[in-house]
Amino acid sequence: MTQDTASPTPAQPPAGALWDVHKPVGRRSMLLAAIGALLGLGIAGYGLFTAQGTRTASIPAEDAALVNAIPVLRADLIAQVTALYSVPYAQTTRPQRQKVLDDVVREELYVQRGVEMGLANDDIDVRQALVQSTEGQIAQDAATAKPAEDELRGWYTAHQGKYASEGLMTLHEWRVPAGADPQRVVAALRSGTAPDALGLKTTGRVDDGEEFYFAAQEHLGTRVFAVARGLANGAVSDPIPTPDGVHIVQMIRNTRPVATPYPEARDQVLRDFLADKIARLQEGNKRFLRKRADIKIAADLQ
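Definitions and limits used
Sequence order as written defines the numbering, with residues in each chain counted from 1. Local features are withheld for residues below a pLDDT of 70 in this predicted model, meaning they are given only at 70 or higher, and side-chain atom pairs are given and counted only at 80 or more; totals for whole chains, interfaces and linings count all residues. Derived side-chain values reflect all non-hydrogen atoms in the structure, with water molecules and hydrogen atoms excluded from consideration. Helix and strand assignments follow DSSP, with helices taken as H or I runs no shorter than four residues and strands as E runs no shorter than two, numbered in order from the N terminus. Think of it in three bands: with a 1.4 Å probe and only protein chains considered, a residue is buried below 20% of the maximum accessible area for its type, exposed above 50%, and partly exposed in between. Pairs of residues are marked as contacts when any of their non-hydrogen atoms sit within 4.5 Å. Note on areas: Shrake-Rupley, 1.4 Å probe, and residue coverage restricted to the protein chains presented here. Our arc is simply the arc of the directions from the helix axis toward the C-beta atoms. Pairs of N or O atoms are called polar contacts if they sit within 3.5 Å, as long as, within protein, a hydrogen donor faces a hydrogen acceptor (for residues adjacent in sequence, only side-chain-to-side-chain pairs). Whether two strands pair depends on DSSP finding at least two bridges between them. Helix axes use the C-alpha atoms of the stretch in contact, all axes being lines fitted to C-alpha atoms, and the angles between their N-to-C directions lie in the range 0 to 180 degrees. Take the buried Ala, Val, Leu, Ile, Met, Phe, Trp, Tyr and Cys residues and link them wherever side-chain atoms come within 4.5 Å; each set so joined is a nonpolar core. Throughout this description, any angle smaller than 35 degrees is read as roughly parallel, any larger than 145 degrees as roughly antiparallel, any in the 65 to 115 degree range as roughly perpendicular, and the remainder as oblique. Throughout this entry, Asp, Glu, Lys and Arg are counted as charged residues, while Ala, Val, Leu, Ile, Met, Phe, Trp, Tyr, Cys and Pro are counted as nonpolar. The remaining residues, Gly among them, count as polar.

(A) Main features of the overall build of the chain. Each helix and strand in the chain was counted, giving nine helices and eight strands. Burial analysis of the chain (302 residues in total) assigns 29% to the buried set. In the chain, the share of contacts with a sequence separation of at least 24, taken over all contacts with a separation of at least 6, comes to 63%. With an accessible surface of roughly 19,200 Å², the chain has 58% of that area assigned to carbon and sulfur atoms.

What follows is the structure, given as structure tokens:
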């Protein structure tokens, strides 16, 4: 009789043997290791993206920003915006809100810097006291080093317009009629022809008598004023193209500013020089504090 020589079929593990902790199985070990690794990665990722030191950390709904984990309350921001612009918060613009928020963040940075410097923090108005103390320290540092005389003279030369009498001018601004030749109109005015005879109409912007330079610039605009300030008494400008037509300036009297000599202006020059230095130091200090700080802004305020 022929004997069956086929290999026996390997025995299969009973149901549930994969999870039987008393029977080591290679597949089970690999599966458990993979699950553990995935759980670890998930926990690490959650911690990474919600940590306070990361920009992706969420901001509580009641906060407008977090400055080194210190909240800037949205309610406080709304109150300050409303008080500053005297309109309901909903009617303010995004730039207005961002400006106020920037000021609030700056204040918080100064408060925290004041605490670092060991300044007193037990005043009734703590925040204002710390901000003023921090700014005062910067001002004191700036004022301690007295500028050299050549620095002051350099400042005076670069800003000489600040140390001069205010200019005055009396003038007319005419609008050239449609279809008229501007060059012919200018030539006729310069020869003494009356504006009415040329059909010229005033723009109404500078016909109320003598004006300070700053007022004339506001009324005429930068371009037309730049032409006007260079005119001598009785002069007529060349045609000036503008968005609303061609204009002509007729100068009646131009009293130009007179510079104050440096010796007489020196005290004011010194004050202005130090004020500018303090402002630049404070701006640099603000940039430094912002750079090293962890600042998070609510998405709707960015």
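(B) Representation of helix α6 (residues 182–190) within the structure. Burial in α6 covers these residues: Val-185, Val-186, Ala-188 and Leu-189. Within α6, the buried residues cover an arc of 165 degrees as seen down the axis, which keeps them to one side. Within α6, the exposed residues directed more than 90 degrees away from the buried face are Gln-183 and Arg-184. For α6, the secondary structure elements touched by its buried residues are β3 (168–175) and β7 (245–255). Of the residues that open α6, the one with a side-chain oxygen 3.1 Å from the backbone nitrogen of Gln-183 is Asp-181.

(C) Seen up close, the sheet that holds strand β2 (residues 70–73). Sheet architecture is open: three strands sit in the order β2-β1-β8, paired in antiparallel fashion. Bordering the open sheet on either side are β2 and β8 (295–297), each of which pairs with just one other strand. On average, each strand axis in the sheet is tilted by 20 degrees relative to the strand beside it, whichever way the strands run. Of the strand pairs in this sheet, strand β1 (residues 63–67) and β2 are connected by four bridges, and their pairing is antiparallel. Directly across from Leu-66, in β2, lies its bridge partner Pro-71. Its contacts with the sheet place helix α2 (residues 74–85) against β1 and β2, and it is angled at close to 45 degrees to β2.

(D) Spotlight on the nonpolar core. Core analysis: the largest hydrophobic core is formed by 18 residues, its most contacted members being Leu-77, Leu-101, Leu-109 and Leu-301. For this core, the elements supplying multiple residues, two or more each, are β1, α2 and α3 (94–116). It is α3 that contributes the most residues to this core, six residues altogether. In this structure Leu-77 touches Ala-64, Tyr-89, Arg-97, Val-100, Leu-101 and Leu-301, once residues within four positions along its chain are discounted. Counting 13 residues, the second largest nonpolar core, distinct from the first, contains Leu-171, Ala-216, Leu-220 and Ile-240.

(E) How the structure looks around the packing of helix α5 (residues 149–158) against helix α9 (residues 262–292). Look at α5 against α9: their axes get within 9 Å of each other, and the N-to-C directions meet at 95 degrees. Judged by the angle between their axes, α5 and α9 are roughly perpendicular. Mapping the contact onto sequence places Glu-149, Glu-151, Leu-152, Arg-153, Trp-155 and Tyr-156 in α5 and Tyr-262, Ala-265, Arg-266, Val-269, Leu-270, Asp-272, Phe-273 and Asp-276 in α9. Across the contact of α5 with α9, the residue classes tally to eight nonpolar, no polar and six charged.

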